[in-house]
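Here is how the chains run, residue by residue.
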Amino acid sequence: MTAIFDFPAIMTAITEAAYDGWLMVELDDYDGDPRIAAEFSKTYLDELSYVRPPNQGERP
């Protein structure tokens, strides 16, 4: 089963709700390098202009 999400709309709703926590993305049935998948996912979220609030430190 493949799900398609409207991430720009989701990110807009998250921003408008003043959410200040972490976001996670998950890939199911992905056979590639998990580091590359994580980098791709982060880049995509960054391109949607989601900015983590300054009080949120980097996770180890």
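These notes cover the structure that comes with them. Computed from a predicted model, the values in this text were never measured in an experiment.

**Remarks on the overall build of the protein**
And then number 1: From N to C terminus, the protein includes 2 helices and 0 strands.
And then number 2: For the protein, the accessible area works out to roughly 5500 Å², and carbon and sulfur atoms hold 57% of it.

**What to know about the packing of aromatic side chains**
And then number 1: Counted by the stated rule, this structure contains 2 aromatic pairs.
And then number 2: On the basis of an interplanar angle of 55° and a centroid distance of 5.9 Å, the ring pair of phenylalanine 5 and phenylalanine 7 is categorised as tilted.
And then number 3: Between phenylalanine 7 and tyrosine 44 the ring centres are 6.0 Å apart and the planes differ by 85°, which places this aromatic pair in the edge-to-face class. Of this pair, phenylalanine 7 sits in helix H1 (residues 7–16) while tyrosine 44 sits in helix H2 (residues 34–47), and the two are 37 residues apart along the sequence.
And then number 4: Each member of the aromatic cluster is reached from another via a ring pair, and the members are Phe5, Phe7 and Tyr44.

**Examining a negative patch on the surface**
And then number 1: A cluster of like negative charges, contributed by Glu26, Asp28, Asp29 and Asp31, occupies part of the molecular surface.
And then number 2: Inspection of the secondary structure puts aspartate 31 in the loop between H1 and H2.
And then number 3: Aspartate 31 sits in the exposed class, given a relative accessible area of 80%.

**As for the environment of glutamate 47**
And then number 1: Within the secondary structure layout, glutamate 47 lies in helix H2.
And then number 2: Here the alpha-carbon distance between glutamate 47 and proline 8, two residues 39 residues apart in the chain, equals 9.7 Å.

Cut-off values and rules
- Residue numbers restart at each chain and count upward from 1, following the sequence in its written direction.
- Per-residue local features are limited, in this predicted model, to residues with pLDDT of at least 70; the limit for side-chain atom pairs, both in listing and counting, is 80 or more; totals at the level of whole chains, interfaces and linings are taken over all residues.
- To get the side-chain values, take all heavy atoms of the structure and skip hydrogens and water.
- In this description a helix means any DSSP run of H or I spanning at least four residues, a strand means any run of E spanning at least two, and both kinds are numbered starting from the N terminus.
- Only the protein chains shown count as cover for residues, with accessible areas throughout obtained via the Shrake-Rupley method and a probe of 1.4 Å.
- Pairing of aromatic rings covers Phe, Tyr and Trp, the last counted by its six-membered ring, and requires centre-to-centre distances within 6.5 Å; plane angles under 30 degrees mean stacked, over 60 mean edge-to-face, and any other angle means tilted.
- A patch consists of residues whose relative accessible area exceeds 30% and which take part in no salt bridge; residues with like charges are grouped when within 9 Å of each other, and nonpolar side chains (Val, Leu, Ile, Met, Phe, Trp, Tyr) when within 5 Å.
- In the sections that follow, a salt bridge refers to a side-chain nitrogen of Lys or Arg positioned within 4 Å of a carboxyl oxygen of Asp or Glu.
- Counted as positive: Lys and Arg. Counted as negative: Asp and Glu, with His and the chain ends omitted from the count.
- For this purpose, a charge sits on NZ of Lys, CZ of Arg, CG of Asp or CD of Glu.
- Summary of the burial criterion: residues with accessible area below 20% of their type's maximum are buried, those above 50% are exposed, and those between are partly exposed, where the area comes from a 1.4 Å probe applied to protein chains only.

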